[in-house]
Amino acid sequence: METETFHGTTILAMRSKTTVVVAGDGQVTLGNIVTKHRAKKVRRIYNDKIITGFAGATADALTLSEKLEQKLERYNGNLTRSCVELARDWRTDKYLRRLEAMMIAADKENTYLLSGNGDVIEPDDGIISIGSGSISAQSAAVALNENTDLSPRQVVEKAMKIAGDLCIYTNHHITIEEING
């Protein structure tokens, strides 16, 4: 018997000069069944100074979040250094290498996408996304940002609604965290 795998989610981050907003939907899907509607995939860590959002296997994502928090403690909250060190460990450690998740981490100055390939990617235009609805969410956010006067939070809310309308693994129960700087 083939084991079912959990699918989907959408995490979207947008940065402006004074604000960073990270949002994630709440749907968890096992095969072709929605098993949870209100999962919280966006969290604050490190004394609420950093926002993380994850896509992929939940236990793996929580492990990565814990590891990132350990790195932040070790490097006194330096998100850049902590992300690089986590990515290095993730790629080279025998146990971590098997984790199936991606993460976005943001503080008041930086936004990064982290992957198990050792990637630490900072978006050029301040908008980045991961997960099954990421193409829809990111495309909508870029278009709204370039063609409207909406606030970053409003752009993210509308882009996540569009992703939820298009992606069957993304719903409209959105968690949003914001840092104003």
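See above for the structure.
Residues numbered from 1 in each chain as written. Predicted model: local features only at pLDDT ≥ 70, side-chain atom pairs only at ≥ 80, totals over all residues. Heavy atoms only, no water.

**A closer look at the pairing of strand 9 (residues 111–114)**
This is how it is decided: Accessible area is worked out with a 1.4 Å probe on protein chains only. A residue is then buried under 20% of its type maximum, exposed over 50%, and partly exposed in between. Starting at the N terminus, helices and strands are each numbered in turn, a helix being any DSSP run of H or I of at least four residues and a strand any DSSP run of E of at least two. Two strands are counted as paired when DSSP detects at least two bridges linking them.
Alternating residues of strand 9 divide into Thr111 and Leu113 and Tyr112 and Leu114, and every residue in both groups is buried. Bridge count between strand 8 (residues 101–106) and strand 9: four bridges; the pairing is antiparallel. Within the sheet, the bridge partner assigned to Met103 lies in strand 9 and is Leu114. The loop that links strand 8 with its antiparallel partner strand 9 comprises four residues. Taken together, the two bridges between strand 9 and strand 10 (residues 120–121) define a ladder with antiparallel strand orientation. Bridge pairing in strand 10 links Leu113 to Ile121. Adjacent in sequence and paired antiparallel, strand 9 and strand 10 are bridged by five residues, among which Gly118 carries a positive phi angle near 95°.

**Here's the deal with the nonpolar core**
Defined as follows: To form a nonpolar core, buried Ala, Val, Leu, Ile, Met, Phe, Trp, Tyr and Cys residues must be joined to one another through side-chain atoms within 4.5 Å. Between two residues, a contact is recorded if the distance between any of their heavy atoms is within 4.5 Å.
Within the largest apolar cluster, 19 residues are counted, with the highest numbers of intra-cluster contacts made by Leu64, Leu68, Leu72, Leu79, Cys83 and Leu114. Only strand 7 (50–56), helix 1 (58–74), helix 2 (79–92), strand 8 and strand 9 provide two or more residues apiece to this core. Discounting residues that sit within four places of it in the chain, Leu72 has contacts with Ile45, Tyr46, Ile50, Gly77, Asn78, Leu79 and Ser82. Among the nonpolar cores identified, the runner-up in size contains 15 residues, and Met14, Ala23, Leu144 and Met160 belong to it.

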